[in-house]
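# Fold and contact review
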Amino acid sequence: MADTRRVDLTVNGKRMSAEVDPELPLIDFLHETLGMTGTKFCCGIGVCRACTVAVRNGADAPAVPMLSCSLPVAAVEGQEVETVEGLGSADNLSPLQRAFLDEFAFQCGYCTPGFLIAATILLDRLRTSPVRREEIDAAIADSCGEHICRCTGYVRYYRAIRKVILETPGAVR
């Protein structure tokens with residue numbers, strides 16, 4: 001049996017502690033230990049980005065996209081992790097979730113959690129460091145361009161993200 005140790009972290013605003021193998025991939029911790037299956041496992045090597053979660057090293061720190069399929073749970077010890085489950089609920093969707101639905105941005109939806117997290121991180125960044133209107137598409141491509149979707153063109157995802165950016169006060173200068 002693998003060595004285990006206590007790992008303390010915050011997931012979607014809730015402090016938690018668990019005795020786990022420190023090398024356990026974060027996605028397995030989310031799925032198996034916490035029962036949070038919204039973050040998707042796809043390629044397993046960090047290329048598709050379906051497994052993207054947001055990680056903050058403190059409440060005031062900016063969120064950073066991390067690939068949970070290849071990130072050991074011990075690497076987020078003491079940090080804050082946000083998954084797609086933390087973005088909204090069925091009764092109260094986040095603006096990005098609503099825009100993804102309104103724009104019919106996805107088909108199978110498997111890559112959608114990764115896109116939502118990447119777009120959420122982008123939106124948070126733009127609230128503190130807005131871009132000019134003509135830079136929006138480049139900012140979206142920079143944040144979401146490496147995410148792979150096998151079902152759709154990326155146009156609808158980008159259109160939904162652009163719509164939310166334009167509707168978010170302070171995101172565009």
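That block above? That's the structure.
What the protein chain contains, in helices and strands, is five helices and five strands. When its helices and strands are written in sequence order, the protein chain yields β-β-α-β-β-β-α-α-α-α. C-alpha atoms of the protein chain, sized along the principal axes, occupy 55 × 35 × 30 Å. Going through the 173 residues of the protein chain one by one, you find that 43% of them count as buried. Across the protein chain, contacts joining residues at least 24 apart in sequence account for 63% of those joining residues at least 6 apart.

Turning to its location among the elements, Ala99 is positioned in helix H2 (residues 95-102). Its relative accessible area of 3% is what places Ala99 among the buried residues. Each C-alpha atom, one on Ala99 and one on Ala160, is 5.1 Å from the other, the two residues being 61 residues apart in sequence. The contact partners of Ala99, leaving out residues within four places of it in the chain, are Ala160 and Val164.

Together, Ile45, Val47 and Ile148 give the surface a local cluster of nonpolar side chains, amounting to about 270 Å² of exposed area. In this structure, Val47 sits in the loop between helix H1 (26-33) and strand E3 (52-56). Classification of Val47 by relative accessible area gives partly exposed; the value is 45%.

About the cut-offs
Residues numbered from 1 in each chain as written. Predicted model: local features only at pLDDT ≥ 70, side-chain atom pairs only at ≥ 80, totals over all residues. Heavy atoms only, no water. Helix = DSSP H or I, 4+ residues; strand = E, 2+ residues; numbered from the N terminus. Buried < 20%, exposed > 50% of the residue type's maximum accessible area, 1.4 Å probe, protein only. Contact = heavy atoms within 4.5 Å. Patch = residues over 30% accessible without salt bridge, like charges linked within 9 Å, V, L, I, M, F, W, Y side chains within 5 Å. Areas by Shrake-Rupley, 256 points an atom, 1.4 Å probe, with all protein chains shown as cover. Salt bridge = Lys/Arg side-chain N within 4 Å of Asp/Glu carboxyl O.

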